[in-house]
Amino acid sequence: MFNLKKQHLGAGLVCLAATMWGFDGIVLTPRLYQLNVSYVVFVLHLLPLIGMSILFGRAELKNIKKLSKEDKFYYFLIALFGGTLGTLSIVKALFLVNFNHLTVVTLLQKLQPVFAIILAKIILGEKVGKNFVFWAMMALISGYLLTFQLTLPHFEAGDNMGLASLYAILAAFSFGSSTVFGKKILANSSFRTALYTRYLFTSLITGAIVIFNGNLNWFLKTTPHQWMIFVIIGLTTGSGAVLLYYLGLRYIKANVATMCELCFPVSSIVFDYIFNGKILSPIQFVSAAFLLFTIYKITKNQKN
């Protein structure tokens, strides 16, 4: 009975984290669209880093020094792909659609497991699950129908949907890469060290991008309302949601977590309707449902 309660708690925490990510992608991050993309990503990592540094930064810096050169290299890759390239891509995608197709962008990000499994095969030599190629193709077809419905690809001037979709898929690839690199190092580090190192390295990389592009002046242009959004994201849907997710993951199996993570796209659809009055077309609804089913099949077969 006690273990069952822990499983319920774990599932609830993962569902809550996934729902928070859905809220962030639809309601919070798009509200920062008037700001520079690289600056937004930098601040989204810098603020949680400052908070973690106050709480346990000194101890974690000592732990980072103890890491091997190989582990530090993989942490850099995680920050480069997952923290920097992935976050830059998804934020850029959300900004491009300007509240018009936010649900489509967040759903396309669910292609992440497809790329993660392919890269795990190439980099880690892991076996691919049964019927992976078939379900991966079905997932890509679903993603196409979700984006363009029954029309040919279109990238007309003034219509950013096609470009935003490409950024969302790039984000899925980047986050999938980060997952694979993470498998290389998490056995040698605590979750807290992994979290702190990722935010530290990502802040350094995105900070360098901001400085190189001369975008430090955005600190002065940021309004009090936008700073409030940054703080809310940092405390809740940012590092807060990541913490809840991994706390929940301790008590449930990976295939259960996969089902709980479906709260992310489902909540995205709900929040987009509540806050923006947007709703998917019938074809997009069917495509979204089939996309989520294919991702579930891919992940489930991979675990078995």
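The structure displayed is predicted, hence computed values, not measured ones. (Residues numbered from 1 in each chain as written. Predicted model: local features only at pLDDT ≥ 70, side-chain atom pairs only at ≥ 80, totals over all residues. Heavy atoms only, no water.)

Q: Residues and numbers for the side chain of Ser-267, please.
A: Inspection of the secondary structure puts Ser-267 in helix α12 (residues 263-276). Note on Ser-267: relative accessible area 7%, which makes it buried. Aside from chain neighbours lying at most four places away, what touches Ser-267 is Ala-18, Thr-19 and Gly-22. (Helix = DSSP H or I, 4+ residues; strand = E, 2+ residues; numbered from the N terminus. Buried < 20%, exposed > 50% of the residue type's maximum accessible area, 1.4 Å probe, protein only. Contact = heavy atoms within 4.5 Å.)

Q: Account for the nonpolar core, with residues named and values stated.
A: Counting 55 residues, the largest nonpolar core has Leu-32, Val-40, Val-105, Leu-111, Val-114, Phe-230 and Ile-298 as the members making the most contacts within it. Here this core takes 8 residues from helix α3 (residues 69-97), the largest share from any one element. Dropping the residues within four chain positions of it, Leu-111 is found in contact with Ala-139, Leu-140, Ile-169, Ala-172, Leu-291 and Ile-295. One finds Ala-79, Leu-195, Tyr-196 and Ile-205 within the second-largest nonpolar core, a separate group that totals 20 residues. (Core = buried A, V, L, I, M, F, W, Y, C linked by side-chain atoms within 4.5 Å.)

Q: With reference to specific residues and values, describe a positive patch on the surface.
A: Residues Arg-58, Lys-62, Lys-65 and Lys-66 make up a contiguous surface patch of positive charge. Here Arg-58 lies in helix α2 (residues 37-66). With a relative accessible area of 70%, Arg-58 lands in the exposed category. (Patch = residues over 30% accessible without salt bridge, like charges linked within 9 Å, V, L, I, M, F, W, Y side chains within 5 Å. Areas by Shrake-Rupley, 256 points an atom, 1.4 Å probe, with all protein chains shown as cover. Salt bridge = Lys/Arg side-chain N within 4 Å of Asp/Glu carboxyl O. Lys, Arg positive; Asp, Glu negative; His and termini not counted. Charge placed at Lys NZ, Arg CZ, Asp CG, Glu CD.)

Q: I'd love a proper account of the packing of aromatic side chains, names of residues and values included.
A: The relation between two aromatic rings is expressed through the spacing of the ring centres and the mutual angle of the planes. Tallied over the full model, the rule gives 17 aromatic pairs. With centroids separated by 5.2 Å and ring planes inclined at 80 degrees, the aromatic side chains of Phe-23 and Phe-271 adopt a geometry described as edge-to-face. Linking Phe-23 in helix α1 (residues 2-28) with Phe-271 in helix α12, this pair joins segments that are 248 residues apart in sequence. According to the relative accessible area criterion, Phe-271 is buried, its value standing at 16%. The interplanar angle of 80 degrees and the centroid separation of 5.8 Å between the aromatic rings of Phe-23 and Phe-275 together place this pair among those described as edge-to-face. With Phe-23 in helix α1 and Phe-275 in helix α12, this pair connects stretches of sequence that are 252 residues apart. Every member of this aromatic cluster is reached through a ring pair, and the members are Tyr-39, Phe-42, Phe-219, Trp-227 and Phe-230. Seen from the ring of Trp-218, Lys-221 lies directly overhead, with NZ or CZ sitting 4.6 Å from the centre. (Phe/Tyr/Trp six-rings, centres within 6.5 Å; stacked < 30°, edge-to-face > 60°. Lys NZ or Arg CZ within 6 Å of the ring centre and 35° of its normal.)

Q: Could you give me a rundown of the pattern of salt bridges, with the residues and numbers involved?
A: Tallied over the entire structure, the rule returns 1 salt bridge. The salt bridge involving Arg-192 is made with Glu-60; its shortest N-O contact spans 2.7 Å. One end of the pair, Arg-192, is in helix α8 (residues 191-212); the other, Glu-60, is in helix α2, and 132 residues separate them in sequence.

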